[in-house]
Amino acid sequence: MWIGKLLMLMTKKHVISYPNEKNFLRYQFYFGSLARGPEYSIIAKKVLDKGSIKDYMFCVSFLSVADFAYITRKGGNERLKENIDLICDLFNVLSNDRKHLLKAWTYNPKDYEDSVQYATAILNQCNIIITRNAKDFYFSEIPILTPQEFIDTL
């Protein structure tokens, strides 16, 4: 399956020593790209490559990993475990808990899941959120960048 191949191409060089910025990758930016097909993954790989040169730490929420597992479960448990192991090697997986779920309501969201992602980023002191749909975070107090905008700032 091409998802596993793409993840294998992304080496541990993307796991940085984390001295600088924490960047939150929204589910649909990265894992959604994987689920849609290889053509959507090119920009995701560019973000990771360029960010790793600048020592950025890329964070994803536990919720995103669980969603990814649900979407890609048809490949079987062995392949799924391999992909989850690689995700855990490549990204700082942020936990989701009660405080994230409750904080999410305070943003008065149109989409609760977006608000949970935002609460996870904020409560873990992420500096930016990278997403394909910046308009979903109309309530954000931190910069929201598209993948291309992030690349352009490097």
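Preceding this section is the structure that the text describes.
No experiment lies behind these values; they were computed from the predicted model shown.

Caption draft 1: Highlighting the sheet that holds strand S1 (residues 22-25). Pairing in this open sheet of five strands is parallel, and the strands run S3-S2-S1-S4-S5 from one edge to the other. Each edge of the open sheet is held by one strand with a lone partner, namely strand S3 (92-94) and strand S5 (144-145). Inspection of the sheet shows S1 paired to strand S2 (residues 57-61) by three bridges, in the parallel sense. In the sheet register, Asn23 faces S2, and the bridge partner there is Phe58. Taken strand by strand, helix H4 (residues 62-72) contacts S2 and S3, and its axis lies near 65° from that of S2.

Caption draft 2: Region of interest: the pattern of salt bridges. In total, this model carries two salt bridges according to the counting rule given. A salt bridge links Lys81 to Asp85, with the nearest nitrogen and oxygen atoms 2.7 Å apart. Taken together, the residues Lys81 and Asp85, both in helix H5 (residues 77-90) and four residues apart, mark about one turn of the helix. Overall, Lys81 belongs to the exposed group, its relative accessible area being 52%. Here Lys135 ties to Asp136 by a salt bridge, and the two come within 4.0 Å at their closest N and O atoms.

Rules and cut-offs
Residues numbered from 1 in each chain as written. Predicted model: local features only at pLDDT ≥ 70, side-chain atom pairs only at ≥ 80, totals over all residues. Heavy atoms only, no water. Pairing = 2+ DSSP bridges. Helix = DSSP H or I, 4+ residues; strand = E, 2+ residues; numbered from the N terminus. Contact = heavy atoms within 4.5 Å. Axes fitted to C-alpha atoms, helices over the stretch in contact; angles between N-to-C directions. Salt bridge = Lys/Arg side-chain N within 4 Å of Asp/Glu carboxyl O. Buried < 20%, exposed > 50% of the residue type's maximum accessible area, 1.4 Å probe, protein only.

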